[in-house]
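Observations on chain architecture
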Amino acid sequence: MSDFIVHGFPGSPFTRSVLVALEEKRAPYRVEALAPGAQRTPEYQRLHPFGRVPAIQHGDFHLYETQAILRYIDATFAGPALQPREPRALGRMNQVIGINDCYLFPRVARVIVFERIVGPVLFGKAPDEAAIAAALPEARLCLGEIDRLLGDQKHLAGDEFSLADVLLAPQLYYLAATPEGASILEGTALLAWLERVSERASMQATLPPEPLRKAA
Ligand SMILES: N[C@@H](CCC(=O)N[C@@H](CS)C(=O)NCC(=O)O)C(=O)O
């Protein structure tokens, strides 16, 4: 049995990014699926004091924060390198990761994806249209900027698939399935990138569970 354990919610985009990185490396792992609300228990908060997913255990080593976990996976396991060595490509990768963590996830995906997909599918909650409308300017800014940075490159940090793609693809998978995300992404290079990256074996092997997958 593998000693690499991923604690997370099935369907969580950050958890999926960790699984995608492990799949890209062909590293063995097992998933400990958390029940809804379990992130707030004292037991889980010993692994992640901020009560978020994912968190990992690798033998006696514990880590949380997705980008830290992704870098750890890349440094630990053999297989294709997921971080470019060329300084400008590396800078671009880190920039896109920063845009996701500081703006796209907290101000856009956490609102629009939650209100349109997670809330209705998992909690039977009606979407808060005012919250969605308030997130739209930031959604246009984030997606427009990532699309501009992608330009005519194959991947977000250049020609090679990198941690920027690993982090962003699971987020945009859901966002593109909302009417708002679909309308902003229509006809963009970013949408073509998402379609390309979604065909990778690592993305296909980590699809969300059925109710969320159907909604997306
Ligand atoms: N900065 C964290 C963010 C993780 C995060 O927000 N995960 C979401 C799921 S995708 C979560 O745990 N939500 C549960 C909650 O907010 O209670 C990371 O990069 O790992």
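Placed above this text is the structure.
On to the packing of helix H4 (residues 87-123) against helix H6 (residues 163-175), then. Two numbers describe how H4 lies on H6: the axes approach to 9 Å, and their chain directions differ by 15 degrees. One element, H4, and the other, H6, form an angle in the roughly parallel class. As for how H4 packs across H6, the hand of that crossing is left-handed. Facing Met 93, Val 96, Ile 97, Asn 100, Asp 101, Leu 104, Phe 105, Val 108, Ala 109, Ile 112, Val 113 and Ile 117 of H4, the residues of H6 in contact are Leu 163, Ala 164, Leu 167, Leu 168, Gln 171, Leu 172, Tyr 174 and Leu 175.

Burial along strand S3 (residues 55-58) is two-sided: Ala 55 and Gln 57 and Ile 56 and His 58, pointing in opposite directions, are all buried. For strand S1 (residues 4-8) and S3, the ladder comprises 4 bridges, and the chain directions are antiparallel. Within S3, the position partnered with Ile 5 by the bridge is Gln 57. With 4 bridges joining them, S3 and strand S4 (residues 61-64) adopt antiparallel strand pairing. Bridge pairing in S4 places Gln 57 opposite His 62. With antiparallel pairing between neighbouring strands as the criterion, S3 and S4 make up a hairpin whose turn holds 2 residues, including Gly 59 at a positive phi of roughly 60 degrees.

Right, let's talk about the pattern of salt bridges for a bit. Applying the stated criterion across every chain yields a total of 8 salt bridges. For Glu 24, the salt bridge is made with Arg 200, and the minimal N-O distance between the two is 2.9 Å. In this pair, Glu 24 is assigned in helix H1 (residues 13-25) and Arg 200 in the loop between helix H8 (189-198) and helix H9 (201-204), connecting sequence segments 176 residues apart. Here Arg 200 falls in the partly exposed class, since its relative accessible area comes to 26%. The partner of Lys 125 in a salt bridge is Glu 115, with the nearest N and O atoms 3.2 Å apart.

Take the nonpolar core next. A general tendency of soluble globular proteins is for nonpolar side chains to be buried together. Counting 59 residues, the largest nonpolar core has Leu 104, Leu 156, Leu 168, Leu 172, Leu 190 and Trp 193 as its most contacted members. Of all the elements in the fold, those that place two or more residues in this core are S1, H1, helix H3 (66-76), H4, helix H5 (129-150), H6 and H8. Here this core takes 13 residues from H4, the largest share from any one element. Apart from residues no more than four positions distant in its own chain, Leu 172 is found in contact with Leu 104, Leu 143, Leu 190, Trp 193 and Leu 194. Counting residues in hydrophobic clusters, the runner-up holds 6 residues, among them Leu 34, Ala 38, Tyr 44 and Ala 55.

The next point concerns H5. In this model H5 runs 30 Å from its N-terminal to its C-terminal C-alpha over 22 residues, within 8% of the 32 Å that 1.5 Å per residue would give. The principal kink in H5, of about 40 degrees, is found at Leu 136, preceding the proline Pro 137 by one to four residues. Within the sequence span of H5, burial applies to Ile 132, Ala 135, Leu 136, Glu 138, Ala 139, Cys 142, Leu 143, Ile 146, Leu 149 and Leu 150. Of the residues flanking the start of H5, the one acting as N-cap is Asp 128, its side-chain oxygen 3.1 Å from the backbone nitrogen of Ala 130. Looking one or two residues beyond H5, the residue adopting positive phi is Gly 151, at roughly 55 degrees.

Turning our eyes to something else, we now look at the site of the ligand. Around the ligand sit 13 residues, and of these Arg 52, Val 53, Glu 65, Thr 66 and Arg 110 come closest. Here Val 53 contributes a backbone N or O atom positioned 2.8 Å from an oxygen atom of the ligand. Between the ligand and Thr 66 there is a distance of 2.7 Å, counted from an oxygen atom to a side-chain nitrogen or oxygen. Here the ligand loses 83% of its free accessible area of 510 Å² to cover by the protein chains. Secondary structure elements with two or more residues in the shell around the ligand: H1 and H4. Looking at the shell around the ligand residue by residue, the classes come out as 6 nonpolar, 4 polar and 3 charged.

What counts and how
- Residues numbered from 1 in each chain as written.
- Predicted model: local features only at pLDDT ≥ 70, side-chain atom pairs only at ≥ 80, totals over all residues.
- Heavy atoms only, no water.
- Axes fitted to C-alpha atoms, helices over the stretch in contact; angles between N-to-C directions.
- Helix = DSSP H or I, 4+ residues; strand = E, 2+ residues; numbered from the N terminus.
- Parallel < 35°, antiparallel > 145°, perpendicular 65-115°, else oblique.
- Left-handed = near helix turned anticlockwise from the far one by under 90°.
- Contact = heavy atoms within 4.5 Å.
- Buried < 20%, exposed > 50% of the residue type's maximum accessible area, 1.4 Å probe, protein only.
- Pairing = 2+ DSSP bridges.
- Salt bridge = Lys/Arg side-chain N within 4 Å of Asp/Glu carboxyl O.
- Core = buried A, V, L, I, M, F, W, Y, C linked by side-chain atoms within 4.5 Å.
- Expected span 1.5 Å × (residues − 1).
- Bend = angle between axes of the 7 residues up to and from the residue.
- Polar contact = N/O pair within 3.5 Å; in protein donor to acceptor, adjacent residues only side chain to side chain.
- Near = heavy atom within 4 Å.
- Areas by Shrake-Rupley, 256 points an atom, 1.4 Å probe, with all protein chains shown as cover.
- Nonpolar A, V, L, I, M, F, W, Y, C, P; charged D, E, K, R; others polar.

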